[in-house]
Amino acid sequence: MNRRRYLQALGGVGLVAAAGCNSPDRSETEDAGNTRTTDSVSLQRAESAEREDLETAPMDEDRRAVDRAAFDTVVDMVDDADCDPTGEDACDEQLRSAASDGHLLEFPEGTYRLDEFSRFQDLDRIGIVGDGDVTFAIPAETNRLLFDFDQVGEVLIEGIDIDITADQCTVGLRMMCDAFHVQDVEYVGRGNHDDTSVIDGFGVGIMDENGEGIIRNVTAKKGSIIGNYKGGNGRVGVWTTNSHAGTLWIEDCHFEEFGNNALYCSRCEGDVRVVESYFRNNNVCAIRISGKGSYATRSTIEVDMDEYTGPRGGFETGFNTRAVIVEQGNVGPKPPGAEIRDCEIHIKKTPRCQAAVNLGPQGRTLTVRDTEIRMDVDGSPAVLRSRPGSIPWKQDQPVPPTPHWIALENTAITGSARGGAAVYLVESSNSVIQNCSIDQTGANRYGVRLVNSTNLLIDGGTVTTSQFPILVDSNRLLLLNSVEVTNEPELKATEVDPSQSETFDLRLRQPMLREQHLQMVRLPETQEGRTLIGMFRE
């Protein structure tokens, strides 16, 4: 599934700007990893060049975490195990009886009724595959796991449709193992149940830190009811448990309409890598990851509630249709470094979207590059760095260790959204915007808004907005000598009158401002003690 193309290099003259004030929680002993300069950006690229060559290569469809050839015995589930391929008689008991260590359970073409939950424990290797058009039919009034692979070495599941079209019907697969391979599997029907908690599509954990799991060509077009967040107990597409330690690959998948994240893969120390996949209309977010070694690449994420045809409701609480969240919760000392690269994101219409890409309160750093983001929802940022630390409904969350920056590289941000800012950075010191095009034509829209953030580096590219391209929001006196622009950058404000600009009486700083031809406007204070400074160029 090749939905992505690489962005062409964005042309543009060089620009270096830094603006802001010290964050209230900053100290002189902050770790050196929080420092971002042009040199440090280049150094980081050099250190990761070998890894990037591997990660941006085309998907290898022949690569498998578990291969059919590894099994000792192939069991024909009709001829050898006496399963009914017409779907009239259930075959749960036959399946469990055939599931010995090293067995590959092969279902010939047909429909097989599975009425019960089956657990497989303490096996070295087990596989369940379809030969031809194979469907597992699930009865009504079902909300449980279908299969639970608990402490199994290797698992293979391939070539099966799971039919959950019956009323009040949903099931899931749980795999806690050293390696697994799931391929060519589709959930047919909407995973819905009235219970207060609904089973996830996949619950996975790779116990071996050197192990791999692959979920490839898995489809769920009606994951659940999009508004059924159920206080955090709604249905997730793929959930990684906090014991996940290896590497999970999610490749060429299609997930839509989940009420509680399509991929909830952030509360673990293992890596999660999303490749060439498609997501549409998922509540909370489509892709939720954390830290170094985890990324999404060459994937498409869309939100357009006009295209959602399922049951509506639940939009008042727990509804927030973001594309990406990066955060870690309270799980482990995972190093920073999550990335979104070469993706297409379009937020077209939704009752609520906090941001297209959100570095959450428990996230550390995020790099977004070679990516197109279109935001058409009024007031919503394309990119948001939320204030690090606790949130009202989770007061126990600590401030994550620094650094807290966002780096945007070779990224295009467009859209018709009015109000708010395209990029909103809160306590996000040392962030970088490099060779990006930010074009926001909606009324009263800012480009980059900084709240208690220092040392923003803008290098190359253009920022064209109706309101100020850069807005600095500080609860201290702004230090204007932290602002530097070079190489005649494009910073355009189409609705701002240049005659409103003022000269600030700050000693030693006016010569620098005159040299840079930077226009600045002090805006009315929105709160007592706050200062808003808008910046643009003539």
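Residues numbered from 1 in each chain as written. Predicted model: local features only at pLDDT ≥ 70, side-chain atom pairs only at ≥ 80, totals over all residues. Heavy atoms only, no water.

## Quick word on the pattern of salt bridges
Note the threshold: Salt bridges are defined by distance alone: a side-chain nitrogen of Lys or Arg within 4 Å of a carboxyl oxygen of Asp or Glu. Put simply, DSSP marks the helices as runs of H or I at least four residues long and the strands as runs of E at least two long, and each gets a number from the N terminus on.
Enumeration according to the criterion identifies 26 salt bridges in this entry. Between Glu158 and Arg64 there is a salt bridge; the shortest N-O distance is 2.6 Å. Of the two residues, Glu158 is situated in strand β6 (residues 142-163) and Arg64 in the loop between α2 (49-55) and β1 (73-76); the sequence distance between them amounts to 94 residues.

## Examining unusual backbone geometry
Rule in force here: Accessible area is worked out with a 1.4 Å probe on protein chains only. A residue is then buried under 20% of its type maximum, exposed over 50%, and partly exposed in between.
Note the cis peptide between Thr402 and Pro403, where omega equals 10°. Checked against the element boundaries, Pro403 lands in the loop between β25 (383-385) and β26 (406-409). In the Ramachandran plot, Asn281 falls in the positive-phi region, its phi being about 55° despite a non-glycine side chain. Secondary-structure assignment places Asn281 in the loop between β15 (278-280) and β16 (284-289). Asn281 gets classed as buried once you look at its relative accessible area, which sits at 0%. In the Ramachandran plot, Asn435 falls in the positive-phi region, its phi being about 55° despite a non-glycine side chain. Its place among the elements puts Asn435 in strand β29 (residues 432-440). Judged by its relative accessible area of 31%, Asn435 is partly exposed.

## Section: the nonpolar core
The test is simple: Here the nonpolar core consists of buried residues drawn from Ala, Val, Leu, Ile, Met, Phe, Trp, Tyr and Cys, with membership extended through side-chain atoms lying within 4.5 Å. Should any heavy atoms of two residues lie within 4.5 Å, those residues are counted as being in contact.
Judged by nonpolar contacts, the single largest core of 98 residues is most densely connected at Phe107 and Phe255. The dominant element in this core, judged by the number of residues it contributes, is strand β7 (residues 169-188), at nine residues. Look past the residues within four positions of Phe107 in its chain and what remains in contact with it is Met77, Cys83, Cys91, Leu95, Tyr112, Ile128, Val129, Gly130, Asp131, Val134 and Phe136.

## Looking at the confidence of the model for the protein
Definition in use: Think of pLDDT as the predictor's per-residue confidence, scored from 0 to 100.
On average, residues of the protein score 83 in pLDDT, and 77% of them reach the 70 mark or higher. Note that residues 1-54 has pLDDT below 50 and, in this model, 138 contacts with residues that lie over four places away or in other chains. Overall, residues 476-487 carries pLDDT values under 50, and its contacts beyond four positions in sequence, including any with other chains, amount to 45 contacts.

## Examining the pairing of strand β19 (residues 321-326)
Two faces make up the sheet, and in a regular strand the side chains alternate between them. In plain terms, the rule: A strand pair is defined by DSSP finding two or more bridges across the two strands.
Counting buried residues in β19 gives six out of six residues, a clear majority hidden from the surface. Sheet analysis places β16 next to β19, joined by five bridges and oriented parallel. Among the inter-strand pairings, Arg288 is bridged to a residue of β19, identified as Ile325. As paired elements, β19 and strand β22 (residues 357-359) share three bridges and run parallel to each other. Residue Ile325 lies in a different strand from β22, and its bridge partner there is Asn358.

## Comments concerning the packing of aromatic side chains
Note the following rule: Two aromatic rings, drawn from Phe, Tyr or Trp (for Trp, its six-membered ring), form a pair once their centres lie within 6.5 Å of each other, and the interplanar angle then sorts them: stacked below 30 degrees, edge-to-face above 60, tilted otherwise. Cation placement over rings: the criterion is NZ of Lys or CZ of Arg within 6 Å of the ring centroid and within 35° of the ring normal.
The full count for this structure, using the stated rule, is 13 aromatic pairs. Stacked on the ring of Trp249, the Lys or Arg Arg63 has its end atom at 4.5 Å from the ring centre. The aromatic ring of Tyr295 is capped on one face by Arg341, whose charged end is 4.6 Å from the ring centroid.

## Observations concerning the side chain of His193
Tracing the chain through its elements places His193 in the loop between β7 and β8 (202-206). When sequence neighbours within four positions are dropped, the list of residues in contact with His193 reads Glu141, Thr142, Asn143, Gln168, Thr170, Val198 and Lys230.

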